[in-house]
Amino acid sequence: MKKSLVLIAWYNPELVETFLLSEIEENCRKYGIMYPSAYEIFQQNKYAENSLYFHHHYAESDIPIGEEYEKIALQKDFKSEPQFIQDCHAKVLCFFIPFRPQPADYAAKGHHELSLIQFPQGIPQIIYDELYEIKELKPLDFKKTIHLYSE
């Protein structure tokens, strides 16, 4: 069975630092930590080397923290562009619940969510070149997506 995750946009590191991380911590303080093991993993990895925070598309199934992928592909209209399929190791370090973001053990089926993903061999340039960059909080205007998958 094919495992997959469709990325819509990546968060600019400055926005992560000035807004996203403080919002996550504030939500954990204000509403309590819903997933203690995920919170611990987040604390250990929030500044992990070769990682980015992403907004991803609806999950086709529940996806656990630690899920790994072997391929990356550029998509237009949610169809992979064959000339843009590459080998690429990626690992989900953490997921975040969508409302009042805080660390979660998994991405829930059917939800848009946030994720922290690491690329041990380095972040693929295709992400920077083709995927929408979130620099400010406003509605997303994406035309292309990135598909992480394993067969």
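Placed above this text is the structure.
First, a word on what this report is: a plain description of the structure on this page. (Residues numbered from 1 in each chain as written. Predicted model: local features only at pLDDT ≥ 70, side-chain atom pairs only at ≥ 80, totals over all residues. Heavy atoms only, no water.)

Moving on, we get to the nonpolar core. Where a protein is soluble and globular, its nonpolar side chains tend to be buried together. Counting 23 residues, the largest nonpolar core has Phe54, Ile117, Phe119, Ile127 and Leu148 as its most contacted members. Elements supplying a minimum of two residues to this core: β1 (3-11), β2 (51-56), β4 (68-76), β5 (79-96), α3 (125-130) and β10 (144-150). (Core = buried A, V, L, I, M, F, W, Y, C linked by side-chain atoms within 4.5 Å. Buried < 20%, exposed > 50% of the residue type's maximum accessible area, 1.4 Å probe, protein only. Helix = DSSP H or I, 4+ residues; strand = E, 2+ residues; numbered from the N terminus.)

Turning our attention to the pairing of β5. For β4 and β5, the ladder comprises seven bridges, and the chain directions are antiparallel. Within the sheet, the bridge partner assigned to Ala73 lies in β5 and is Ile85. Across five bridges, the pairing between β5 and strand β8 (residues 113-118) is antiparallel. Within β8, the position partnered with Cys94 by the bridge is Leu116. Bridge analysis of β5 against strand β6 (residues 103-104) gives two bridges, and the strand direction is antiparallel. (Pairing = 2+ DSSP bridges.)

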